[in-house]
Amino acid sequence: MADFYTKALAYLEMIQSRPPKYFDQIKADGLEQKVPIIRDDMGVFIRMLCSLIRPESILEIGCGISYATHWMLLGSPESRVVGLDYNEDRLEQCRRYLEHSGWIDQVDLRRCWAEEFFKDNDQQFDLIFQDSTKKGYTGMIEDCYRCLKPGGTLVVDNIFFNEMVFGLKPEQEKKYAKGVALLKTFNEKMSQHPGFECSFLPLSDGVLVARRTS
Ligand SMILES: C[S@@+](CC[C@H](N)C(=O)[O-])C[C@H]1O[C@@H](n2cnc3c(N)ncnc32)[C@H](O)[C@@H]1O
């Protein structure tokens, strides 16, 4: 299966339309600075999702240096985005890339903890992209539910936690057991949540697409 996935990615890389050149720069900077960014197959997926949904408003929890923000805006260029990140340096870099691409006026960047943002936010969004710390996902389920419009879509990246939800190697136990347990709890809680219809996709590092149904 891993072999199939690697081959499929290489093939799709050849035939799929490429994003603008500046995407390569954001990606290269992210990799060089070891700043986590979404994988390209996730980028292609979320671009298409945005292109289909055409969300008026997007909340990105953990916008980092804007790689995912740009993929989403590529799919839905008219969307307005609220981007949250507590890391000042990343947010500054994020702002510079958005100025360069010309999308800065549509993106409201907030330097804050998502948990704090939710405490007094009463805006509802068409799409929420959850890409912050995996350990924090469960604690934000109800906030995401409340801040989504009925019929809105929640997308969550890395639900396989670098494949560790399938089982931990002995050397990973000490460092990751707690985080993996929290992520498994998240996946189970989401699958049983009465207000969401969920689809868990074996794409990238595992992606959850959930629609608020009530
Ligand atoms: C995986 S990176 C985001 C990558 C980004 N979405 C992209 O693809 O370019 C996660 C980001 O979430 C931020 N973060 C983690 N936990 C957070 C929280 N509770 N509130 C706000 N930001 C958070 C980190 O500072 C980091 O920049």
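Below you will find a few notes about this structure. (Residues numbered from 1 in each chain as written. Predicted model: local features only at pLDDT ≥ 70, side-chain atom pairs only at ≥ 80, totals over all residues. Heavy atoms only, no water.)

### Looking at the overall build of the protein
- Of regular secondary structure, the protein possesses eight helices and seven strands.
- A compact globule built from 214 residues should have a C-alpha radius of gyration of about 17 Å, and the protein, at 17 Å, falls within 12% of that.
- Out of the 214 residues belonging to the protein, those deemed buried represent 50%.
- Put simply, of all contacts in the protein between residues at least 6 apart along the chain, 69% involve residues at least 24 apart.
- About 11500 Å² of surface is accessible on the protein, with carbon and sulfur atoms providing 53% of the total. (Helix = DSSP H or I, 4+ residues; strand = E, 2+ residues; numbered from the N terminus. Rg over C-alpha atoms; globule rule 2.2 N^0.38 Å. Buried < 20%, exposed > 50% of the residue type's maximum accessible area, 1.4 Å probe, protein only. Contact = heavy atoms within 4.5 Å. Areas by Shrake-Rupley, 256 points an atom, 1.4 Å probe, with all protein chains shown as cover.)

### Quick word on the sheet that holds strand S6 (residues 196–201)
- An order of S3-S2-S1-S4-S5-S7-S6 is seen for the seven strands of this open sheet, with the pairing classed as mixed. Taken across any chain shown, the strands that pair with only one partner, and hence form the sheet edges, are strand S3 (107–111) and S6. The mean angle between the axes of side-by-side strands here comes to 15°, regardless of whether they run parallel or antiparallel.
- Relative to strand S7 (residues 207–212), S6 runs antiparallel, the two sharing six bridges. Bridge pairing in S7 links Phe 196 to Arg 212.
- Sheet strands touched by helix H4 (residues 67–75): strand S1 (57–61), strand S2 (80–85), S3 and strand S4 (125–130). Its angle to S1, the strand with the most contacts, is close to 160°.
- Strands in contact with helix H5 (residues 88–101) are S2 and S3; relative to S3, the strand with the most contacts, it is inclined by about 165°. (Pairing = 2+ DSSP bridges. Axes fitted to C-alpha atoms, helices over the stretch in contact; angles between N-to-C directions.)

### A short note on the state of the cysteines
- Under the counting rule described, the total for this entry stands at zero disulfides.
- The structure places no disulfide on Cys 94, whose sulfur is separated from the nearest cysteine sulfur, that of Cys 63, by 4.2 Å.
- The closest cysteine sulfur to the non-disulfide-bonded Cys 147 is located on Cys 144, 7.4 Å from its own sulfur. (Disulfide = S-S within 2.5 Å.)

### Side note on the side chain of Thr 138
- By secondary structure assignment, the location of Thr 138 is in the loop between S4 and helix H7 (141–146).
- You can call Thr 138 buried: its relative accessible area is 19%.
- Aside from chain neighbours lying at most four places away, what touches Thr 138 is Leu 182, Thr 185, Phe 186 and Lys 189.

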